[in-house]
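# A structural walkthrough
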Amino acid sequence: MIQTLDQVFVIAKHWLMGYVPSPLQPLTSAVLSIIPILIAFPLLFAITTWLERKGLGRIQNRLGPNRAGFNGLMQPIADAIKSLTKEDVVPLTADHIVHFLAPLLLVVAAFLAYSVLPVGRNMVLANLNSGVLFFFAVGSVVELAVFMAGWSSRSKYSLLGAMRAIAQMISYEVPLVLASVVVIMQAGSLSTVEIVEQQAQYTHGLPHWYIFTPWGILGFILFMIAATAESNRSPFDLPEGESEIIAGYYIEYSGFKFALFFLGEYLGMFATSGIAITLFLGGWSAPLAALTVVPSWIWFFAKLLALIFAFIWIRGTLPRLRMDQLMNFAWEFILPMALINMFVAGVWRFMAPGIVRWLVCAALVLAPCVVLAALLKRKKKLQLRTYSFAE
Amino acid sequence: MLGEGIIKGLAETARNFFGSYVRKERLTTVQYPEQRLPQIEATRNFPFLVFDGTDPDAGLRCVSCQICEKECPPKCIFIEKSKDKKPDAVGKPQFYPTVFNIDVSVCMSCQICVEVCPFEAIKMDVQYDYPTEDRFSALLFDKHELSKSNEYYHQIHPTEAAAVDAALAAEREAAAAKAATAAAAAAAKAAAATAVTSTQSNGATPAAAKPATPGAAADTSEAQPAGGEKR
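Every value quoted in this text rests on a predicted model; they were computed, and no experiment measured them.

## Structural notes on the overall build of chain A
A count of helical and extended segments in chain A gives 14 helices and two strands. In terms of C-alpha radius of gyration, chain A reaches 23 Å, essentially the compact-globule figure of 21 Å for 391 residues. For the C-alpha atoms alone, the extent of chain A along its principal axes is close to 70 × 60 × 40 Å. Looking at chain A residue by residue over its 391 residues, the buried ones come to 39%.

As structure tokens, this is what we get:
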């Protein structure tokens, strides 16, 4: 019974495949695997927009949307209808083809990333043996889409926003990949399915998630910081910069194209959260051996929602960084820490298991963290600002 | 320590998040169309016309003097004067407006019309929402839409309305007293005239009696606007 519930989608797919003639089976299999992704994640996007507006409202002691439907639950549908019926304005001097293609490319790239995410046991679209590599390769297509949008709009605000976005995304792509390298070193595989299966083992009822190791904690934190910057979310939302460059690279977009950008951004956030879950939080595996009775896909989506809530919480708390702070943080703190983390992961690999290994690796993680923070703090000079031209 | 400020901030926002579910006084939002904030007594939005009694046509205080129309800075008032007269709040025969329109989409709520009105006829209303699908004719209020009773005025601005009522009552009394003295004077004059005619010859009676009555009538009609302007 538990097995059936866990594999309900897989069984349903096989049952449907039984009715298809064998020459059509590969195509049908692909379509049947893609359709749930195309339904589940945009639906999650709709729920997240509502959750985010409600959560931010409560953080600011407001009520949030509460007019459309019960507690404003129909708000995403109202927003969708609004953006669909809006006029689609394209600037006269814009490059029409590129302007049209940019949001599509963004959404397609975001969707492609889901093909290697194992959302449950035996529930992955393509079990590539280079899955993690594929994920990051597809993730960097987003940068191209962003620059296409900024460049084709022929607006200085879009271009500024796009340049900020590119600078930020490239800066944080490096620590994002380096932070995940530690997991690949430990698992010895690039396949996402393989990585999750290695974490879904239990000793004394506790799972072998990589977050329960010193390098795993640091790797997860670094990965999440880089993922926040990568998905252009607050406090790293400079490309959007509501208060200075209005909406950044998608200022010249309206109507449904704007909604597509929004969708693409959120899908990217879910995808990076999903890969963080896969790499560090044990993917679809239950947090305790006793809890494996709960279907695996429920665990994946529960972890995803928890990470989404963390993103919303962070967004409601931290103000936007300055451009130089953003860059310094990436190159002076996150990148060295990611490299040190790789060294710690190597030490972990070659030491005998036990409490000594844990303590040595924890010290190796904590000491550079404290030293680097102190050094960076000393470098920061606080002084009265003098204005050369404004007096 | 590194990240200490971030953790403090996260704790604060978490406190806000859960606190807003537990303690209702944290939420300052007013659910607008259903709930409204109480208005202070000096609230003002758009002008309306006050009428006494129950009939808005008969009791309208406006005498169509058109001062407000001339003073209105954005020129949102339009008045057409009547040909005939009807008794006003004080009881004297006056003109009345056949057309009195205010375009509230033009009105800037400056209250100058209220300040210049010598007859306490135009006052400021407190209603601020006039949602409509037609922004032209639906926002051009005519005489009937503008006419509101004195009781309504008491409801929205009690102190101000009481002062206005007292002033009007005093004026009514003064007018009554003046009318009484004028009547008494006319009666005395008439009595004197009849006494004169009775003592003198009969042939002079029509000539003396005729100028006495129109003269008294002209005197009272001239006194009314002057009394009104003094307020």
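## Describing the overall build of chain B
Of the regular secondary structure elements, chain B holds seven helices and eight strands. A buried classification covers 19% of the 231 residues belonging to chain B. When contacts within chain B are restricted to residue pairs at least 6 apart in sequence, those whose partners lie at least 24 apart make up 68%.

## Let's talk about the interface of chain B and chain A
Listed per partner, the contact involves twelve residues of chain B and twelve residues of chain A. Within the side of chain B that touches chain A, the residues separate by chemical class into five nonpolar, six polar and one charged.

## A short note on the sheet that holds strand β8 (residues 147–149) of chain B
Residues and elements named next belong to chain B. One open sheet accounts for three strands, arranged β6-β1-β8; its pairing is mixed. Two strands close off the open sheet at either side, each with one partner strand: β6 (122–124) and β8. Going across the sheet, the axis of each strand differs from the next one's by a mean of 55°, ignoring polarity. Sheet topology note: the strand β1 (residues 47–51)/β8 ladder contains three bridges and is parallel. The residue of β8 that forms the bridge with V50 is K148.

## Observations concerning helix α10 (residues 214–230) of chain A
Residues and elements named next belong to chain A. Between its terminal C-alpha atoms α10 stretches 24 Å, which fits the 24 Å expected from 17 residues at 1.5 Å a residue. Within α10, 15 of the 17 residues are buried, which leaves it mostly tucked inside the rest of the structure. Positioned one or two residues after α10, N232 has a phi angle of 55°, which is positive.

## Notes on the sheet that holds strand β7 (residues 140–141) of chain B
All names here are of chain B. One open sheet holds the three strands; their spatial order is β2-β5-β7, and the pairing between them is antiparallel. Because the sheet does not close on itself, it has two edges, and the strands there are β2 (77–81) and β7. Bridge analysis of strand β5 (residues 97–103) against β7 gives two bridges, and the strand direction is antiparallel. Paired with I102 across the bridge in β7 is F141.

## A closer look at unusual backbone geometry
Residues and elements named next belong to chain A. Despite not being glycine, N61 shows a phi value in the positive range, around 55°. Its place among the elements puts N61 in the loop between α3 (25–59) and α4 (75–85). Unusually for a residue other than glycine, R154 sits at a positive phi of about 60°. Note on placement: R154 falls in the loop between α7 (141–152) and α8 (156–187). A count of 15 C-beta atoms within 10 Å places R154 in the partly exposed class.

## Focus: the environment of K148 of chain B
Residues and elements named next belong to chain B. Tracing the backbone shows K148 in strand β8. Along the backbone, K148 and C107 are 41 residues apart, and their C-alpha atoms lie at a distance of 18 Å. If near-sequence neighbours (up to four positions away) are discounted, K148 is found in contact with F48, V50 and Y153.

## Describing the confidence of the model for chain B
All names here are of chain B. Across chain B, the average pLDDT comes to 82, with 84% of residues at 70 or higher. Under a pLDDT of 50 for its full length, residues 204–231 has, in the predicted model, 22 contacts with residues more than four places off or in other chains. What the predictor reports for the complex is a pTM of 0.77 with an ipTM of 0.78.

## So, the packing of α8 of chain A against helix α13 (residues 323–350) of chain A
Residues and elements named next belong to chain A. Look at α8 against α13: their axes get within 9 Å of each other, and the N-to-C directions meet at 10°. Taken together, the axis directions place α8 and α13 in an arrangement best described as roughly parallel. In the contact of α8 with α13, the residues fall into 19 nonpolar, five polar and two charged.

## A closer look at the environment of F309 of chain A
Here F309 of chain A shows up in helix α12 (residues 296–317). It is 8.9 Å that separates the C-alpha atoms of F309 of chain A and T48 of chain A, two residues lying 261 residues apart in sequence.

The rules behind the values
Residues numbered from 1 in each chain as written. Chains lettered and ligands numbered in written order. Predicted model: local features only at pLDDT ≥ 70, side-chain atom pairs only at ≥ 80, totals over all residues. Helix = DSSP H or I, 4+ residues; strand = E, 2+ residues; numbered from the N terminus. Rg over C-alpha atoms; globule rule 2.2 N^0.38 Å. Buried ≥ 20, exposed ≤ 12 C-beta atoms within 10 Å, placed from the backbone. Contact = placed C-beta atoms within 7 Å. Nonpolar A, V, L, I, M, F, W, Y, C, P; charged D, E, K, R; others polar. Pairing = 2+ DSSP bridges. Axes fitted to C-alpha atoms, helices over the stretch in contact; angles between N-to-C directions. Expected span 1.5 Å × (residues − 1). pLDDT = per-residue confidence, 0-100. Parallel < 35°, antiparallel > 145°, perpendicular 65-115°, else oblique.

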